[in-house]
Amino acid sequence: MHIVVCIKQVPDSAQIRVHPVHNTIMRQGVPTIINPYDLFALEEALRLRDRLGGAVTVLTMGPPMAEDSLRKALTFGADRAVLLTDRFFAGSDTLATSYALSMAIQKIGESWGTPDVVFTGKQTIDGDTAQVGPGIARRLGLNQLTYVSAIGAVDLAARTIEVSRRAEGGVQELATRLPALITVLEGTSEIRRGRLADALRAARAEVTVWNAAQAGITEMTKCGLRGSPTVVKNVFAPKGRATKASLLDTREKTPGELAEAMMARIFDALPGIEGDLLAHAAQY
Amino acid sequence: MSGTAHAGGSRAGMRKELPEHFKAYRHVWVFMEYEHGAIHPVSLELLGEGRKLADRLGGELAGVALGGDHGQMIEVANAAFAHGADVTYITAEPVLAHYRNEPYTRAMTELVNTYKPEILLLGATVLGRDLAGSVATTLLTGLTADCTELAIDAERSLAATRPTFGGSLLCTIHTLNVRPQMATVRPRVMSMPKADPQRTGRIVEHRLDLREEDIVTKVLRFLPDRDSNKAQLAYADIVVAGGLGLRSAENFQLVRNLAEVLGGEWGGSRPLVQKGWITADRQIGQTGRTIRPRLYIAAGISGAIQHRVGVEGADLIVAINTDPTAPIFDFAHLGIVADATEFLPILTDTFRKRLSVNRLAG
Ligand SMILES: Cc1cc2nc3c(=O)[nH]c(=O)nc-3n(C[C@H](O)[C@H](O)[C@H](O)COP(=O)(O)OP(=O)(O)OC[C@H]3O[C@@H](n4cnc5c(N)ncnc54)[C@H](O)[C@@H]3O)c2cc1C
Ligand SMILES: Nc1ncnc2c1ncn2[C@@H]1O[C@H](COP(=O)(O)O)[C@@H](O)[C@H]1O
C-alpha cells in the first residue's frame, strides 16, 4: 500500500521568546523541529507499512530548510520524501495550505501510485488549528477519520479500514473505505528509534523538491496570501492583570494559622462557597 | 508556512465597502452540538457570545440543530431559544443519528448555502473541529480556530482573536472577501448565558436528501469513557491542580486529597502529563482543558502563559509556590510563598475540620 504522511517543520515553541518592548517574536537561534504531533502520525504510518507492505512517502510544504525534517523522517524509516517549496506559498492560511498539499499529494499519486491512506498530525504547535487534515480530506474526497487512537483491520482487497477515534465522552469505532485521511491522536505510539541502515540511507537519499509548477499547481490565486481568506490584522501581547496576587504574610505565623487565614480569605472572596462546601460535605 | 506565518502581513486590495454579494449573508449562527442525548454546554456558551454579535450587527441569532430524532431537535431548539436564539434551523434525518463527518458536512453546507449566515460559530470540541474544517473547506471560506475573543469591527467584519506561537502572543484574524466567517471557540472560554425558559423563537425545518446507502462511513460501536468524571474538569466549580513543584508522583496525592475534601476536580500542568503522573485529560491549559471554576488552587505551578490562558476565567485563583517571583503570582488573586508539599496537607486538614465541625453543629 502507499501511504503519504504530511509533516511540518515548526519552531520549537518552548524556546520562543517575545520581545518585551516590540511584541515581536524573537526567532533568532530558535531551533526547528518536526511538529511533535506529526511524529505520532509518522509512526502509525510506518507500522501500517510494516504490517501490510508498501511504501511511506513524507511530504512537507515549507522553506528550503524544511528538507532537514524530511531527512529526519527518512532516518526513522520513511521510504521517500517530497519537499514542496515556492515563494508563492508564503503566507498561506489553512485553506491555501490544504490546497497546495492536496495538489502535491495528487502529483505524488501520479508519480508513485495513488495513496491508500494520507496521515496528518492532530494539529501543529505553531498554527495549532487542526484544520489542514480535514481540508486535505475534503479537497481530495478522502474519507475523513480524525483523532484516531488505533488502526484496526485493514482489507486492501475490499478497500476497507476500521479505526478507533477519540470522540466526545468516549471512543467511536468506525469502518470506512479507502482511500482515507487519518489525523492521529497524540500519545498513540512513540516514534521508533531509526535503524542504522535507515540513517545511512537517509544521509544519501534524494529528497524530491517541487515548486508550484512541478507539483502541477497552475491556479496561483489559490496559493499563499492570495489564496488565504483569513488575514492577521493585529498581533499583540496578552494584557497582564493590573494587580498582583495578595500574598499572605508568612512571618511569625504557624502553618496552621496560615491555612486558617487562607481559608478565611477564600470564603470572603467567594460569598456562598462555604455554604456549598458544607452542603457537599453533608452528603458524605 | 501555514497558520500564523503571515502574522503582521497586511494585504493589498482589502475592501472597505461591503461588496454587494455579501449583503445576502445575514445573521449569526451557532452549531448546536448534540450527542448521546445531551447538548454540549459550549453551544450554549456560544449562543451567549453570538447574541452580542447579532445585536451589534442588527441581525438575528440562530441555532443549527442536526440529529436523527425530530422530537430531540425540538428540545434542542427550545434550549437554544432559552439561551438567546431567535431562530433554530432543524434538519432531522436518520443519517444524522450519530455524528459522522460526511452527512453532517452535507447538512451544514446545504443549510449555509440555502440560508446564508454572515457568521457561523462552532465549539472547538473533537466533534466541532472535525466538522468545522470540512465545512470551511467545502465553502472555501476562512476559519479561525480556538478563539478567545470575538468582536465586530467598524467595517462589519468579525474580529476573531486567538492565541498564537504557543500562547505567547494573541492575534486578531479577519476573513475577507468570503462569507460566512467561521470561528471555533473552546469550551469554557466564554461564559454561560442565563437561561430564560419563557423565551421562544421560530423554527425552520430543512430536509436533507441523503440515504444511509449513500454514506460510506459506518459507526461500529461507541465505548463511553469508564471514568464518567473525566469530562467534568472543564465544568467543575472547584479545581485543585499541581505542577512540577510537587516533585514526585506520590506527592500529587496531596492535590487529590484537597480536591476531594472540597468536592472539586483535580488536574495539573503539562509536564506532569509528560512524566506520566496524570493522564492527558487532566491537563489544564492551552493544549489541555480550559477551566472556569469559582475557585482554582494551583500548587507548585509556575504559571507559564500556556497554563495561564487555561485558567484565567476562574473567579478566584489561589497560588502556592516557593518562589515569590513566580509568574503565577502576577495573575493569581491570592497567594502564599510556601512549600506546597508541606502546606497542602495542612490546608486540607483545615478545610476538613471546618466542614465536619460545622456539619456536626448544624
Ligand atoms: C505549545 C505549548 C503548549 C503548552 N501547553 C501547556 C498547557 O496546556 N498546560 C500547561 O500547564 N503547560 C503547557 N505548556 C508548558 C508550559 O510552557 C510550562 O512549561 C508548564 O506549564 C510548566 O509547568 P509547571 O509550572 O508545573 O513547572 P515549572 O515551570 O517547572 O514550575 C514549577 C514551579 O513550582 C515551584 N516550586 C518548586 N518547588 C516547590 C514546592 N516545594 N512547593 C511549591 N512550589 C514549588 C517553582 O518555584 C516553580 O514556579 C505548553 C508549552 C508549549 C510550548
Ligand atoms: N506546511 C505543511 N506541510 C506539511 N504538512 C502540514 C503543513 N501544515 C500542516 N500540515 C499537516 O496538517 C496537520 C494539522 O495542521 P494545523 O491545521 O496547522 O494544526 C499537521 O499536523 C501536519 O500533519
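Since this is a predicted model, take the numbers as computed values, not measurements. (Residues numbered from 1 in each chain as written. Chains lettered and ligands numbered in written order. Predicted model: local features only at pLDDT ≥ 70, side-chain atom pairs only at ≥ 80, totals over all residues. Heavy atoms only, no water.)

## Re the domain arrangement of chain B
Interface size is commonly expressed as the accessible area that is lost once the parts come together. All names here are of chain B. Structurally, chain B comprises domain 1 (2-214) and domain 2 (233-361). The gap between the C-alpha centroids of domain 1 and domain 2 is 34 Å. Counting residues at the interface gives 13 residues for domain 1, matched by twelve residues for domain 2. Across the domain 1/domain 2 interface, buried area totals approximately 1000 Å², and carbon plus sulfur atoms make up 45% of it. (Domains from an automatic or database assignment. Contact = heavy atoms within 4.5 Å. Buried area = accessible area lost by both parts, 1.4 Å probe.)

## Focus: the pattern of salt bridges
Residues and elements named next belong to chain A. A full pass over the atoms with the stated rule returns 37 salt bridges over all chains. As a salt-bridge pair, Arg71 and Glu67 come within 2.7 Å of each other at their nearest N and O atoms. Here Glu67 and Arg71 lie together in helix H2 (residues 67-76), a separation of four residues that amounts to about one turn. Residues participating in the shared-partner salt-bridge network are Glu43, Arg47, Arg49, Asp50, Asp79 and Arg192. (Salt bridge = Lys/Arg side-chain N within 4 Å of Asp/Glu carboxyl O. Helix = DSSP H or I, 4+ residues; strand = E, 2+ residues; numbered from the N terminus.)

## Some points on the packing of aromatic side chains
For the structure shown, the criterion picks out six aromatic pairs over all chains. Judged by centre distance (6.0 Å) and plane angle (15°), the rings of Trp112 of chain A and Trp210 of chain A are stacked. With Trp112 of chain A in helix H3 (residues 94-112) and Trp210 of chain A in strand S13 (residues 208-210), this residue pair connects regions lying 98 residues apart in the sequence. Note on Trp112 of chain A: relative accessible area 31%, which makes it partly exposed. Between Tyr99 of chain B and Tyr104 of chain B, the aromatic rings sit 4.8 Å apart at their centres with planes inclined by 65°, giving edge-to-face as the arrangement. You can call Tyr99 of chain B buried: its relative accessible area is 3%. By relative accessible area, which is 3% here, Tyr104 of chain B ends up buried. Among the aromatic residues, those joined into a cluster by ring pairs are Trp29, Tyr89 and Tyr115 of chain B. The aromatic ring of Trp266 of chain B is capped on one face by Arg256 of chain B, whose charged end is 5.1 Å from the ring centroid. The ring of Trp266 of chain B is capped by Arg282 of chain B, whose NZ or CZ atom sits 3.8 Å from the centre of that ring. (Phe/Tyr/Trp six-rings, centres within 6.5 Å; stacked < 30°, edge-to-face > 60°. Buried < 20%, exposed > 50% of the residue type's maximum accessible area, 1.4 Å probe, protein only. Lys NZ or Arg CZ within 6 Å of the ring centre and 35° of its normal.)

## Examining the nonpolar core
Met262 and Ile266 of chain A together with Leu295, Ile320, Phe343, Leu344 and Phe351 of chain B are the most contacted members of the largest nonpolar core, which totals 40 residues. If you list the elements that add at least two residues to this core, you get helix H6 (255-269) and helix H7 (273-282) of chain A together with strand S14 (238-242), helix H5 (253-261), strand S16 (295-299), strand S17 (316-321), strand S18 (334-337) and helix H9 (340-361) of chain B. Ignoring any residue separated from it by four or fewer positions in sequence, one finds Ile266 of chain A in contact with Ile273 of chain A together with Leu295, Leu316, Val318, Leu334 and Phe351 of chain B. Counting 37 residues, the second largest nonpolar core, distinct from the first, contains Met1, Leu42, Ala73 and Leu83 of chain A. (Core = buried A, V, L, I, M, F, W, Y, C linked by side-chain atoms within 4.5 Å.)

## Description of unusual backbone geometry
Glycine aside, residues mostly have negative phi, and peptide bonds are mostly found in the trans state. Leu178 of chain A connects to Pro179 of chain A through a cis peptide bond whose omega is 0°. Relative to the assigned elements, Pro179 of chain A resides in the loop between strand S11 (170-177) and strand S12 (180-184). In this structure, Pro180 of chain B follows Arg179 of chain B across a cis peptide bond, with omega equal to 0°. Mapped onto the elements, Pro180 of chain B comes out in the loop between strand S10 (169-175) and strand S11 (181-185). Even without glycine at this site, Lys116 of chain B takes up a positive phi of about 55°. Tracing the backbone shows Lys116 of chain B in the loop between helix H3 (101-115) and strand S6 (119-123). We classify Lys116 of chain B as partly exposed; its relative accessible area is 26%. Here Arg188 of chain B, not a glycine, exhibits a phi torsion of approximately 75°, which is positive.

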